[in-house]
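These are the residues of each chain, in order.
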Amino acid sequence: MTTPFWCLVIAVLIPYVLAFTAAYFKSKQFGSVDNNQPRVQGAALTGTGARVWAAQQNAWEALAVFTAAVLVAHFAGADARRSAIAAIVFIVARIAHAICYATDLASLRSLSFMLGFGSCLWLFWLAASAG
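Here goes a summary of the coordinates provided.

The rules behind these values
- Residues numbered from 1 in each chain as written.
- Predicted model: local features only at pLDDT ≥ 70, side-chain atom pairs only at ≥ 80, totals over all residues.
- Heavy atoms only, no water.
- Helix = DSSP H or I, 4+ residues; strand = E, 2+ residues; numbered from the N terminus.
- Expected span 1.5 Å × (residues − 1).
- Polar contact = N/O pair within 3.5 Å; in protein donor to acceptor, adjacent residues only side chain to side chain.
- 1 Å grid on protein atoms, 1.4 Å probe; cavity = no way out; pocket = protein on both sides within 12 Å on 5 of 7 lines; lining within 4 Å.
- Points joined across faces, edges and corners; volume = space filled by probe spheres on them.
- Nonpolar A, V, L, I, M, F, W, Y, C, P; charged D, E, K, R; others polar.
- Patch = residues over 30% accessible without salt bridge, like charges linked within 9 Å, V, L, I, M, F, W, Y side chains within 5 Å.
- Areas by Shrake-Rupley, 256 points an atom, 1.4 Å probe, with all protein chains shown as cover.
- Salt bridge = Lys/Arg side-chain N within 4 Å of Asp/Glu carboxyl O.
- Phe/Tyr/Trp six-rings, centres within 6.5 Å; stacked < 30°, edge-to-face > 60°.
- Buried < 20%, exposed > 50% of the residue type's maximum accessible area, 1.4 Å probe, protein only.
- Lys NZ or Arg CZ within 6 Å of the ring centre and 35° of its normal.

As a further point, take helix 4 (residues 80–102). Over its 23 residues, helix 4 runs 33 Å from end to end, which matches the ideal 33 Å to within 8%, given 1.5 Å per residue. A distance of 3.3 Å separates the backbone nitrogen of R81 from a side-chain oxygen at the start of helix 4, and that oxygen is part of D79. Backbone geometry just after helix 4 places D104 at a positive phi near 65°.

What follows is the structure, given as structure tokens:
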């Protein structure tokens, strides 16, 4: 498997890690996790729990763009080394994004978001340049 594909596996795991982390905050804030209405309970979180919940939602959204970028770059025959670098930068940026979200570092969170999004754009550019 290529490095971008391994990065895609990691990107798939990030929202799940955040979901389990949010579950901890749900238990801490509400005494238990409401498995019947998890989204309602998640929306009622406050503080760090709310930020982790939001980071999870954002991770799902970013996953869709990253998946498309990796697949387009791969099937277009984009430069493998540059694609690997872009994918690794995305993963580092997304991990930083989740940490910054949870710790309420809004400016750094926005910077890491833009870096991750820029990595996706870079993958699309590499695909366009491959032809």
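Next, the rest of the story.
Turning our eyes to something else, we now look at the environment of L111. Inspection of the secondary structure puts L111 in helix 5 (residues 106–130). For the pair L111 and A96, spaced 15 residues apart in the sequence, the C-alpha separation amounts to 9.5 Å.

We now examine unusual backbone geometry. Although it is not a glycine, D104 adopts a positive phi angle of roughly 65°. Summarising the element assignment, D104 is placed in the loop between helix 4 and helix 5.

Within the structure shown, the criterion is met by 1 cavity of 30 Å³ or more. Of the volumes computed, that of the largest cavity is approximately 50 Å³. Lining the largest cavity we find A11, I14, P15, A59, A62, L63, F90 and R94. Elements represented by at least two residues in the lining of the largest cavity include exactly helix 1 (3–30), helix 3 (47–76) and helix 4. Residues belonging to the lining of the largest cavity are distributed by class as follows: 7 nonpolar, no polar and 1 charged.

On the surface, V65, V72, F113, M114, F117, L121 and F124 cluster together to form a nonpolar patch covering roughly 560 Å² of accessible area. Elements with a minimum of two residues in the nonpolar patch: helix 3 and helix 5. Of all the elements, helix 5 adds the most residues to the nonpolar patch, at 5 residues. Checked against the element boundaries, F117 lands in helix 5.

Attention now goes to the packing of aromatic side chains. One pass over the structure, following the stated rule, counts 4 aromatic pairs. Relative to W60, the ring of Y16 has its centre 5.1 Å away and its plane inclined at 85°; by these criteria the two rings are edge-to-face. A residue pair is termed long-range when its members are at least 10 positions apart, and Y16 in helix 1 and W60 in helix 3 qualify at 44 residues. Classification of Y16 by relative accessible area gives partly exposed; the value is 44%. Assessed through its relative accessible area of 32%, W60 is described here as partly exposed. For the pair F66 and F90, a centre-to-centre distance of 3.9 Å together with 5° between the ring planes defines the contact as stacked. A residue pair is termed long-range when its members are at least 10 positions apart, and F66 in helix 3 and F90 in helix 4 qualify at 24 residues. Look at F90 and you get buried, because its relative accessible area is 3%. Geometry around Y101 places R109 over its ring, the cationic atom sitting 4.3 Å from the centre.

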